[in-house]
Amino acid sequence: MPETNGDGVPGGGSEGEQKEVRAKLADAYARHIAPAVKLDICSNEGASAGGTGQASRRRGASARVEWTAGWCAQFSVLLRRGLKERRHESFNKLRIFQVLSVAFLAGLLWWRTPAAHLQDRTALIFFFSVFWGFFPLYNAVFVFPLERPMLLKERSSGMYRLSSYFAARTAADLPMELGLPTAFVLILYWMGGLDPRPASFLLSLLVVLYSVLVAQSLGLAVGAVLMDVKQGTTLASVVTMVFLIAGGYYVQHIPPFIGWLKWLNYSFYCYRLLLGIQFRDGGALYDCGGGALCPVADFPAIKAVGLNNHWVDVCVMALLLVGYRVVAYLALDRLQPR
């Protein structure tokens, strides 16, 4: 390669030769590049002065040709990519060990709890609602903040719609997020000695999985709104502590001025649904002291929560599930580069 001077011109010749090379480069620019640059500038100025009507028509035309693939094709590709990515994240050895070890240790602590030990049985039921009400919440907070750079880059290049991305993300999470809760319930339910009827077990499993989806929705909403892992985990810890205290087990007589908190608490609805499954129609009788027998529905920990209005609980949890995901979608739609 020839040596060059500071101007990028070959420096091996005399000053006259260097001037000649510069003149040739300037002439080549004027003949080949300058006309195209001027034409581009003129076209941009004409487009900006064309009026709002023409601009709106151009935006509509560009929107019509923006997507190179249909919604279903985008959803299919994003779903396959999400399943491949989430498979290793959701079923890594550390998370499996974490869930299964908690299930076995809790099963040993509540090993074959007799039906007469109502306090222990209600504590086990509350543990179901709390653990799978908060564990998915913390995991979901990390999702969108970590995917923010990729989402901004791919959406700015017009690769897919936000709706197809969000739907694919939701569908890919279902088999990944529901596998470990199912294994957890299978282990702890039978080790804890809860109602052995198949219908009671299946209903309890469905309620726990339902609570997992609601908790995950809240975590996605928190992560999408804040878009910061540290802020998201801080807010999630505050929410979980408040929901834990107001879940109906620790504080049974909440003051009226703050009693509305439990109606926003999805773990409270999960707890009440699980109690209703285990103690149908008030359940049996228990020894309430002095040799007297009282209905299970009058047990203080159960009476404070109630065993009625199960369909109302299901509907409220459905509203929370949809509402949290709508908030997450709207937050992602307003996402802008930092």
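The rules we used
Residues numbered from 1 in each chain as written. Predicted model: local features only at pLDDT ≥ 70, side-chain atom pairs only at ≥ 80, totals over all residues. Heavy atoms only, no water. UniProt positions renumbered as here; feature names shortened; annotations may be inferred. Axes fitted to C-alpha atoms, helices over the stretch in contact; angles between N-to-C directions. Helix = DSSP H or I, 4+ residues; strand = E, 2+ residues; numbered from the N terminus. Parallel < 35°, antiparallel > 145°, perpendicular 65-115°, else oblique. Left-handed = near helix turned anticlockwise from the far one by under 90°. Contact = heavy atoms within 4.5 Å. Nonpolar A, V, L, I, M, F, W, Y, C, P; charged D, E, K, R; others polar. Expected span 1.5 Å × (residues − 1). Polar contact = N/O pair within 3.5 Å; in protein donor to acceptor, adjacent residues only side chain to side chain. Buried < 20%, exposed > 50% of the residue type's maximum accessible area, 1.4 Å probe, protein only. Phe/Tyr/Trp six-rings, centres within 6.5 Å; stacked < 30°, edge-to-face > 60°. Patch = residues over 30% accessible without salt bridge, like charges linked within 9 Å, V, L, I, M, F, W, Y side chains within 5 Å. Areas by Shrake-Rupley, 256 points an atom, 1.4 Å probe, with all protein chains shown as cover. Salt bridge = Lys/Arg side-chain N within 4 Å of Asp/Glu carboxyl O. pLDDT = per-residue confidence, 0-100. Lys, Arg positive; Asp, Glu negative; His and termini not counted.

Under an unreviewed UniProt entry, the protein has the name ABC-2 type transporter transmembrane domain-containing protein and belongs to Aegilops tauschii subsp. strangulata. Recorded in UniProt under Subcellular location (unreviewed entry), the annotation for the protein is "Membrane".

Undergrad: Looking at this model, I keep getting lost on the packing of helix α8 (residues 198-226) against helix α12 (residues 310-333). Mind explaining?
TA: Helix packing geometry: the angle between the two helix axes and the distance between the axes. Running from N to C, α8 and α12 point in directions that differ by 25°, and their axes come no closer than 8 Å. Regarding the angle of α8 to α12, the classification is roughly parallel. Note on packing geometry: the crossing formed by α8 with α12 is left-handed. Contacts between α8 and α12 involve Tyr 210, Ser 211, Leu 213, Val 214, Gln 216, Ser 217, Leu 218, Leu 220, Ala 221, Ala 224 and Val 225 from the former and Val 314, Met 317, Ala 318, Leu 320, Leu 321, Tyr 324, Arg 325, Val 327, Ala 328, Ala 331 and Leu 332 from the latter. Residues belonging to the contact of α8 with α12 are distributed by class as follows: 18 nonpolar, 3 polar and 1 charged.

Undergrad: Explanation requested: the UniProt feature "transmembrane region" (unreviewed entry) in the protein in the structure shown.
TA: Here, the residues flagged by UniProt with the feature "transmembrane region" (unreviewed entry) are residues 94-111, 123-146, 166-190, 202-226, 233-251 and 311-332. Within the segment residues 94-111, helix and strand shares are 89% and 0% respectively, and the terminal C-alpha atoms sit 25 Å apart. The span residues 123-146 shows a helical share of 96% and a strand share of 0%, and its end C-alpha atoms are spaced 36 Å apart.

Undergrad: Would you take a moment to explain helix α4 (residues 93-109) for this structure?
TA: Helical geometry note: an α-helix holds 3.6 residues per turn, so side chains three or four residues apart project in the same direction. Compared with the 24 Å implied by 1.5 Å per residue over 17 residues, the 24 Å span of α4 between its first and last C-alpha is a close match. Check the buried side of α4 and you find it contacts α3 (71-90), α5 (118-141) and α7 (162-191). Its side-chain oxygen placed 3.2 Å from the backbone nitrogen of Leu 94, Asn 92 serves as the N-cap of α4.

Undergrad: Is there a simple way to think about the side chain of Gln 74 in this case?
TA: Here Gln 74 lies in helix α3. Overall, the relative accessible area of 4% leaves Gln 74 in the buried class. Filtering out sequence-adjacent residues up to four positions away, Gln 74 remains in contact with Trp 67, Ala 69, Met 159, Tyr 160, Arg 161 and Ser 164.

Undergrad: What's the story with α8 in this structure? I'm lost.
TA: Its 29 residues give α8 an end-to-end C-alpha distance of 42 Å, which sits within 8% of 42 Å, the value for a rise of 1.5 Å per residue. Counted residue by residue, α8 has 21 buried out of 29 residues, so it is predominantly covered. Among the residues trailing α8, Met 227 stands out with phi positive, at a value near 55°.

Undergrad: Just to check I follow, could you spell out the packing of aromatic side chains for this structure?
TA: Any two aromatic rings considered together are summarised by their centre-to-centre distance and by the angle between their planes. Applying the stated rule across the entire model yields 25 aromatic pairs. Here the aromatic rings of Phe 128 and Phe 184 are separated by 6.1 Å at their centres, their planes lie at 90°, and the arrangement is edge-to-face. Here Phe 184 lies in helix α7 and Phe 128 lies in helix α5, a separation of 56 residues in the sequence. The burial state of Phe 128 is the same as that of Phe 184; both residues are buried. Here the aromatic cluster, defined as three or more aromatic residues joined through ring pairs, consists of Trp 110, Phe 127, Phe 128, Phe 131, Trp 132, Phe 135 and Phe 184.

Undergrad: What exactly am I supposed to notice about a nonpolar patch on the surface here?
TA: Taken together, the side chains of Phe 257, Ile 258, Trp 260, Trp 263 and Leu 264 present a nonpolar region at the surface, about 560 Å² in accessible area. Following the sequence through the fold, Leu 264 ends up in the loop between α9 (229-245) and α10 (266-278).

Undergrad: Looking at this structure, I do not really get the environment of Cys 72. What am I missing?
TA: The residue Cys 72 is located in helix α3 in this model. The exposure class of Cys 72 is exposed, given its relative accessible area of 61%. Sequence separation of Cys 72 and Ser 164 is 92 residues, and the distance between their C-alpha atoms is 7.7 Å.

Undergrad: Before we go on, may I ask you to explain the confidence of the model for the protein in this structure?
TA: Interpretation of this model should avoid reading the predicted coordinates in detail wherever pLDDT is low. Within the protein, residue pLDDT values average 84, and 84% of them lie at 70 or more. Looking at the elements of the protein, mean pLDDT is at its lowest for helix α2 (residues 52-64), recorded as 45, and at its highest for α8, recorded as 96. Counting interchain partners and residues more than four positions distant, the pLDDT-below-50 stretch residues 51-65 has 1 contact.

Undergrad: How should the environment of Ser 157 be read in this particular structure?
TA: By the element assignment, Ser 157 lies in the loop between α6 (143-156) and α7. Judged by its relative accessible area of 48%, Ser 157 falls in the partly exposed class. From its side chain, Ser 157 meets the backbone oxygen of Glu 154 in a polar contact 2.9 Å long.

Undergrad: How should I be thinking about the side chain of Arg 95 in this particular structure?
TA: Of note, Arg 95 is situated in helix α4. Glu 177 is the oppositely charged side chain nearest to the buried, salt-bridge-free Arg 95, at an N-O distance of 4.4 Å. Non-local contacts of Arg 95, meaning those with residues more than four positions away in its chain, are made with Glu 89, Ser 90, Phe 135, Asn 139, Glu 177 and Leu 180.

Undergrad: For this particular structure, what's the right way to read the packing of α8 against α9?
TA: The N-to-C vectors of α8 and α9 enclose an angle of 145°; their axes lie 9 Å apart at closest approach. Of the two elements, α8 crosses α9, and the hand of that crossing is right-handed. Between α8 and α9, the residues in contact are Leu 218, Val 222 and Leu 226 and Gln 231, Gly 232, Leu 235, Val 239 and Phe 243, respectively. A per-class count over the contact of α8 with α9 returns 6 nonpolar, 2 polar and no charged.

Undergrad: I tried to follow the pattern of salt bridges on my own but got confused; where do I start?
TA: It is possible for side chains bearing opposite charge to pair when their charged atoms get close. Under the defined criterion, the tally for this structure stands at 7 salt bridges. For Arg 272, the salt bridge identified is with Asp 313, shortest N-O distance 2.6 Å. Of this pair, Arg 272 sits in helix α10 while Asp 313 sits in helix α12; the two residues are 41 residues apart in sequence, bridging distant segments of the chain. We note that Arg 272, like Asp 313, is buried. A single network of salt bridges, built from pairs that share partners, joins Arg 86, Glu 147, Arg 169, Asp 173 and Glu 177.

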